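Coordinate analysis (summary)
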Amino acid sequence: MNKVANREHISLLRSSVARWNIWRENNPHIEPDLDCVDFNGANLSNANLSKANFYMTLFNGANLQGANLTKAFLAGSDLRGANLNETNCPGVKFNGADLGGCSFKKAKLRKVDFSDFDLRGVDFSEADLRRADLRKANLEKAKFFKADLRKTLFTEANLTEAYLSSAWLQDT
């Protein structure tokens, strides 16, 4: 991808999540271009980031709690240490993203493809991971307390010391 991020989109999102969300509501057909932007440490909680392009974007330690990431493209992005608690993620593409040390507590992650990901220590407590693909993922010390894992694929996943207490595991 050789796309350049849209400067107006960057400025608006950095200025105010509330204004950003109003703009998104008034422009639902626009898919924001935010590729290769540095959002390290940014507070984007409750932002409507659906269908946004975040290819190779930096989110180290960013707060995305409660954000709508429906069909967002986060391939190659650096989300280390990001707060992704309570995010809505149907159709999100994390291909090649670095998710080390992030938290997905109470996130909606149905059908998300995490196959071959390094998710050591990631907290998925109370997350909805129904039908997610975790095949060959490194889930060492990952937390799945009360997570919904029904019909989740775990073939060849490393679950060493993973915490699965009270998780729903039917048909996995």
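Before reading further, recall that the structure is shown in the block above.
Residues numbered from 1 in each chain as written. Predicted model: local features only at pLDDT ≥ 70, side-chain atom pairs only at ≥ 80, totals over all residues. Heavy atoms only, no water.

Tracing the backbone shows Asp78 in the segment after helix H2 (17-26). One polar contact links Asp78 to Asn60, side chain to side chain, over a distance of 3.2 Å. Setting aside anything within four residues of it in sequence, one finds Asp78 in contact with Thr57, Leu58, Phe59, Asn60 and Asp98. (Helix = DSSP H or I, 4+ residues; strand = E, 2+ residues; numbered from the N terminus. Polar contact = N/O pair within 3.5 Å; in protein donor to acceptor, adjacent residues only side chain to side chain. Contact = heavy atoms within 4.5 Å.)

Looking at H2, one finds that the buried residues are Val17, Trp20, Trp23 and Arg24. For H2, the buried positions fall inside an angular range of 120° around the axis, keeping them on one side. Exposed residues lying more than 90 degrees from the buried face of H2 are Ala18, Ile22, Glu25 and Asn26. Against the buried residues of H2 lie helix H1 (7-15). Capping the start of H2, Ser16 holds a side-chain oxygen 3.3 Å from the backbone nitrogen of Ala18, two or three residues further along. (Buried < 20%, exposed > 50% of the residue type's maximum accessible area, 1.4 Å probe, protein only. Arc of directions from axis to C-beta.)

All told, the structure shown has nine salt bridges when counted by the stated rule. Across the salt bridge formed by Asp98 and Arg80, the nearest N and O atoms sit 3.6 Å from each other. Separated by 18 residues along the polypeptide, Asp98 in the segment after H2 and Arg80 in the segment after H2 bring together distant segments of the chain. Note on Asp98: relative accessible area 34%, which makes it partly exposed. What makes Arg80 partly exposed here is its relative accessible area of 41%. Note that Lys105 is salt-bridged to Asp123, the shortest N-O span being 3.8 Å. With Lys105 in the segment after H2 and Asp123 in the segment after H2, this residue pair connects regions lying 18 residues apart in the sequence. With a relative accessible area of 37%, Lys105 lands in the partly exposed category. A residue is classified by how much of its surface remains accessible, and Asp123, at 11% relative accessible area, is buried. Among the ionic contacts, a cluster of salt bridges with common partners joins Arg110, Asp128, Arg130, Asp148 and Arg150. (Salt bridge = Lys/Arg side-chain N within 4 Å of Asp/Glu carboxyl O.)

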